[in-house]
Amino acid sequence: MAKQNARQWHETLAQALWAHRTSPRSAISNELGKDDYTKAMMQNLLELDEIRLDALNRIEVQKTKIAKSYNKRVVVKSFEPGELVWKARLPLDFKDPKYEKWSPNWEGPYQVESAKRPTKQPLPQIVAYADQLAKKLTEYHQ
């Protein structure tokens, strides 16, 4: 109707708004009984747990991808007892007032007394988060 009277859209709009205001409206009724409604809500709760577990699995996959891409760029350095090493001064923006911008970023040298061997372990954050979520889900359903 507005396309037919493109130049009179303001009059058509006023008529449409008047028709909307004066037309009878009613609330949408729920035709489910109490038992059916309870069953539907319980089904939604069960599906919610599956959705949460799927989300947890996606988070774990994403974290492993991130760790894998990060570990590609990391250069593994192993130290032997007796070696001399430098220690980074943190925070890096710390400046000695005496030297100002010429302040050293390193301290040392220090001698290595003992060294741990690198091991392949899953990211502790993923394992801790998965354990916490599993614990919360079991507590919620008990």
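Residues numbered from 1 in each chain as written. Predicted model: local features only at pLDDT ≥ 70, side-chain atom pairs only at ≥ 80, totals over all residues. Heavy atoms only, no water.

**Points about the overall build of the protein chain**
In step 1: Each helix and strand in the protein chain was counted, giving three helices and two strands.
In step 2: Starting at the N terminus, the α and β elements of the protein chain follow one another as α-α-β-β-α.
In step 3: Scored against the burial criterion, the 142 residues of the protein chain give a buried share of 8%.
In step 4: Total accessible area on the protein chain is roughly 13,700 Å²; 58% of this is exposed by carbon and sulfur atoms. (Helix = DSSP H or I, 4+ residues; strand = E, 2+ residues; numbered from the N terminus. Buried < 20%, exposed > 50% of the residue type's maximum accessible area, 1.4 Å probe, protein only. Areas by Shrake-Rupley, 256 points an atom, 1.4 Å probe, with all protein chains shown as cover.)

**Notes on the environment of His-141**
In step 1: For His-141, the location among the structural elements is in the segment after α3 (124-140).
In step 2: His-141 gets classed as partly exposed once you look at its relative accessible area, which sits at 44%.
In step 3: The spacing of His-141 and Asp-49 is 92 residues in sequence and 9.9 Å in space, taken between C-alpha atoms.

**Digging into the confidence of the model for the protein chain**
In step 1: Here the protein chain shows a mean pLDDT of 79. Residues at 70 or above account for 80%.
In step 2: For the protein chain, the element scoring lowest by mean pLDDT is α3, at 71; helix α2 (residues 34-73) scores highest, at 88. (pLDDT = per-residue confidence, 0-100.)

**Some details on the side chain of Asp-49**
In step 1: Position of Asp-49 among the secondary structure elements: in helix α2.
In step 2: Despite its burial, Asp-49 pairs with no opposite charge, the nearest such side chain being Arg-52 at 4.3 Å.
In step 3: Setting aside residues no more than four positions away along its own chain, Asp-49 makes contact with Leu-137 and His-141. (Lys, Arg positive; Asp, Glu negative; His and termini not counted. Salt bridge = Lys/Arg side-chain N within 4 Å of Asp/Glu carboxyl O. Contact = heavy atoms within 4.5 Å.)

**Structural notes on α2**
The α-helix winds at 3.6 residues per turn, so residues separated by three or four positions along the chain end up facing the same way.
In step 1: With 40 residues, α2 extends 59 Å between its outermost C-alpha atoms, agreeing within 8% with the 58 Å of an ideal straight helix rising 1.5 Å per residue.
In step 2: Within α2 the residues assigned to the buried category are Asp-49, Leu-56 and Ala-67. (Expected span 1.5 Å × (residues − 1).)

**What to know about unusual backbone geometry**
In step 1: Following Gly-108, the chain continues to Pro-109 via a peptide bond in cis, the omega torsion being 10°.
In step 2: With respect to the helices and strands, Pro-109 occurs in strand β2 (residues 106-111).
In step 3: The backbone phi angle of Glu-100 is positive, close to 50°, even though this residue is not glycine.
In step 4: Looking at the element boundaries, Glu-100 is found in the loop between β1 (84-88) and β2.

**Topic: a nonpolar patch on the surface**
In step 1: Nonpolar side chains collect at one region of the surface, where Met-42, Leu-45, Leu-48, Ile-51 and Tyr-140 lie side by side and expose about 470 Å² of accessible area between them.
In step 2: Per-element tally for the nonpolar patch: the top contributor is α2, with four residues.
In step 3: In this fold, Leu-45 is placed in helix α2. (Patch = residues over 30% accessible without salt bridge, like charges linked within 9 Å, V, L, I, M, F, W, Y side chains within 5 Å.)

**Thoughts on the environment of Lys-116**
In step 1: Locating Lys-116 in the fold gives a position in the loop between β2 and α3.
In step 2: Since its relative accessible area comes to 81%, Lys-116 is described here as exposed.
In step 3: In this structure, the C-alpha to C-alpha distance between Lys-116 and Ser-78, residues 38 residues apart in sequence, is 8.4 Å.

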